[in-house]
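Close look at the chain arrangement
So the chains spell out like this:
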Amino acid sequence: MEYGLIGEHLPHSFSKIIHEKLAPYQYDMLELAPDEIDAFMRKKDFKGINVTIPYKEKVIPYLDEISDQARRIGAVNTIVNRDGRLYGHNTD
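Anyway, here's the lowdown on the structure attached to this text. Just so it is clear, the structure is predicted and the values come from calculations on it, not from any experiment.

Take the side chain of N81 next. Among the secondary structure elements, N81 is positioned in strand 5 (residues 78-82). Judged by relative accessible area, which is 15%, N81 ranks as buried. Within polar-contact distance, the side chain of N81 engages the backbone oxygen of F46 at 3.0 Å. In this structure the side chain of N81 is engaged in a polar contact, spanning 2.9 Å, whose partner is the backbone nitrogen of G84. Those residues within four positions of N81 in sequence are excluded, and the remaining contacts are K44, F46, K47 and L86.

See below:
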């Protein structure tokens, strides 16, 4: 996956439709069980992802840097992978 959304239950999300109308890239929806988040985050096989419930807090330990806003909120909903370093932000 290059770009997409990770979460536990995603059928309600319009993210794929919105992203694919806004930009010329494929946006994938990836439902992960709680026991799959560790392997996914360690693999770092994405350019950028959005994060939804229940993983907004659980992804933080995997990040190399976190924005001040995300740190204050205590949750991350956007992660950018730059050369294997993960940067967390909160755009809510």
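On to the environment of K44, then. Within the fold, K44 resides in the loop between helix 2 (37-43) and strand 3 (48-51). Along the chain, K44 and E8 lie 36 residues apart, while their C-alpha atoms are 18 Å from each other. Within the local environment of K44, its side chain forms a polar contact with the backbone oxygen of G84, the two atoms lying 2.9 Å apart.

The next point concerns the sheet that holds strand 5. Reading across from one edge, 2-1-3-5-6-4 is the order of the six strands in this open sheet, with mixed pairing throughout. Pairing within the sheet leaves two strands with one partner each, and these edge strands are strand 2 (27-31) and strand 4 (65-66). Bridge count for strand 3 against strand 5 is three bridges, and the pairing is antiparallel. Note on strand 5: the bridge partner recorded for I49 is I79.

Moving on to unusual backbone geometry. Cis geometry is adopted by the peptide bond preceding P54, which originates at I53 and carries an omega value of 10°. On the secondary structure map, P54 appears in the loop between strand 3 and strand 4. Phi is positive for K44, which is not a glycine, with a value near 55°. A relative accessible area of 28% means that K44 is categorised as partly exposed. Unlike most non-glycine residues, D83 shows phi in positive territory, near 55°. In this fold, D83 is placed in the loop between strand 5 and strand 6 (85-89). The class for D83 is exposed, based on a relative accessible area of 84%.

About the cut-offs
- Residues numbered from 1 in each chain as written.
- Predicted model: local features only at pLDDT ≥ 70, side-chain atom pairs only at ≥ 80, totals over all residues.
- Heavy atoms only, no water.
- Helix = DSSP H or I, 4+ residues; strand = E, 2+ residues; numbered from the N terminus.
- Buried < 20%, exposed > 50% of the residue type's maximum accessible area, 1.4 Å probe, protein only.
- Polar contact = N/O pair within 3.5 Å; in protein donor to acceptor, adjacent residues only side chain to side chain.
- Contact = heavy atoms within 4.5 Å.
- Pairing = 2+ DSSP bridges.

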